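Each chain, letter by letter, is given below.
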Amino acid sequence: MATIEECRAALGRLSDSMQSAEGDVGAAAAMDRSVSCHVTDLDVTFAGRLTGGRIEVHETLEGPPRERAQVGLAMRGEDLLALVDGELHFARAWGSGRVKLEAGLRDLLHLRKLL
């Protein structure tokens, strides 16, 4: 089972890789949206913004997100680590229900380039 610190570090690594992305991926990462990532097995939510090509986590909250973010993710901690480390393919994880993604249609079209 992943720890809160490991999940927070994984989001930092994801943010670093997004910032260095180019082309369509870089353009998708440049969105400015509120974002949340609920780690279901730890029952903790990282809330912040996707801005300037980075994920900025502003707060770590117990339980599910208190407010609906423009881009919301939910998954187990181990799946978050595996996604960031390239061991789990996002589309397969999303299709099988291991990862839940909530976003508007327009944002989904941009995010598919990232994920």
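Scope of this entry: the structure provided in the associated data block. Note that this is a predicted model, so its numbers are computed, not measured.

So, the layout of surface pockets
Empty space left among the atoms is revealed by rolling a probe the size of a water molecule over them.
Part 1 of the reasoning: In this model, the second largest pocket occupies a volume close to 220 Å³.
Part 2 of the reasoning: Taken together, 15 residues line the second largest pocket, and the ones lying closest to its centre are Ala47, Gly48, Glu59, Leu61 and Glu67.
Part 3 of the reasoning: Of all the elements in the fold, those that place two or more residues in the lining of the second largest pocket are β1 (33-39), β2 (44-51) and β3 (54-62).
Part 4 of the reasoning: The element that contributes the greatest number of residues to the lining of the second largest pocket is β2, accounting for four residues.
Part 5 of the reasoning: Of the residues contributing to the lining of the second largest pocket, the split by class is five nonpolar, five polar and five charged.

Things to note about the sheet that holds strand β4 (residues 71-75)
Part 1 of the reasoning: In space, the five strands of this open sheet follow the order β3-β2-β1-β4-β5, with mixed pairing throughout. Both outer strands of the open sheet, β3 and β5 (99-103), are each paired with one neighbouring strand and no more. Along the sheet, successive strands turn relative to each other by an average axial angle of 20 degrees, direction set aside.
Part 2 of the reasoning: Relative to β3, β2 runs antiparallel, the two sharing eight bridges. Opposite Val44, over in β3, you have Glu62 as the bridge partner.
Part 3 of the reasoning: The sheet strands contacting helix α1 (residues 4-19) are β1, β2 and β3, and the helix crosses β3 at an angle near 160 degrees.
Part 4 of the reasoning: Each of β1, β4 and β5 touches helix α3 (residues 77-84); the most contacted strand, β4, lies at about 115 degrees to it.

Quick notes on the side chain of Ser34
Part 1 of the reasoning: When you line up the elements, Ser34 lands in strand β1.
Part 2 of the reasoning: Residue class for Ser34 comes out buried when judged on its relative accessible area of 18%.
Part 3 of the reasoning: At 2.8 Å, the side chain of Ser34 forms a polar contact with the backbone nitrogen of Gln70.
Part 4 of the reasoning: The residues contacting Ser34, other than those within four sequence positions of it, are Gly48, Arg49, Ala69, Gln70 and Val71.

Let's talk about the packing of aromatic side chains
Where two aromatic rings form a pair, the distance of their centres and the angle of their planes describe that pair.
Part 1 of the reasoning: Under the counting rule described, the total for this entry stands at one aromatic pair.
Part 2 of the reasoning: With a centroid separation of 6.3 Å and an interplanar angle of 25 degrees, the aromatic rings of Phe90 and Trp94 are classed as stacked. Taken together, the residues span about one helical turn, with Phe90 and Trp94 both in helix α4 (residues 90-95) at a distance of four residues.

Digging into the nonpolar core
Part 1 of the reasoning: Counting residues in hydrophobic clusters, the biggest one holds 27 residues, and the most contacted among them are Val39, Phe46 and Leu80.
Part 2 of the reasoning: Those elements giving two or more residues to this core turn out to be α1, β1, β2, β3, β4, α3, α4 and β5.
Part 3 of the reasoning: When neighbours within four sequence positions are excluded, Leu80 is seen to be in contact with Cys7, Ala10, Leu11, Cys37, Val39 and Met75.

Side note on α3
Part 1 of the reasoning: The element α3 is extensively covered by neighbouring structure, given that six of its eight residues are classed as buried.
Part 2 of the reasoning: Considered for burial, the residues of α3 that qualify are Gly77, Asp79, Leu80, Leu81, Ala82 and Leu83.
Part 3 of the reasoning: Among the structural elements, α1, β1, β4, α4 and β5 are those in contact with the buried residues of α3.
Part 4 of the reasoning: Downstream of α3 by a residue or two, Gly86 has a phi angle that is positive, lying close to 80 degrees.

What counts as what
- Residues numbered from 1 in each chain as written.
- Predicted model: local features only at pLDDT ≥ 70, side-chain atom pairs only at ≥ 80, totals over all residues.
- Heavy atoms only, no water.
- 1 Å grid on protein atoms, 1.4 Å probe; cavity = no way out; pocket = protein on both sides within 12 Å on 5 of 7 lines; lining within 4 Å.
- Points joined across faces, edges and corners; volume = space filled by probe spheres on them.
- Helix = DSSP H or I, 4+ residues; strand = E, 2+ residues; numbered from the N terminus.
- Nonpolar A, V, L, I, M, F, W, Y, C, P; charged D, E, K, R; others polar.
- Pairing = 2+ DSSP bridges.
- Axes fitted to C-alpha atoms, helices over the stretch in contact; angles between N-to-C directions.
- Contact = heavy atoms within 4.5 Å.
- Buried < 20%, exposed > 50% of the residue type's maximum accessible area, 1.4 Å probe, protein only.
- Polar contact = N/O pair within 3.5 Å; in protein donor to acceptor, adjacent residues only side chain to side chain.
- Phe/Tyr/Trp six-rings, centres within 6.5 Å; stacked < 30°, edge-to-face > 60°.
- Core = buried A, V, L, I, M, F, W, Y, C linked by side-chain atoms within 4.5 Å.

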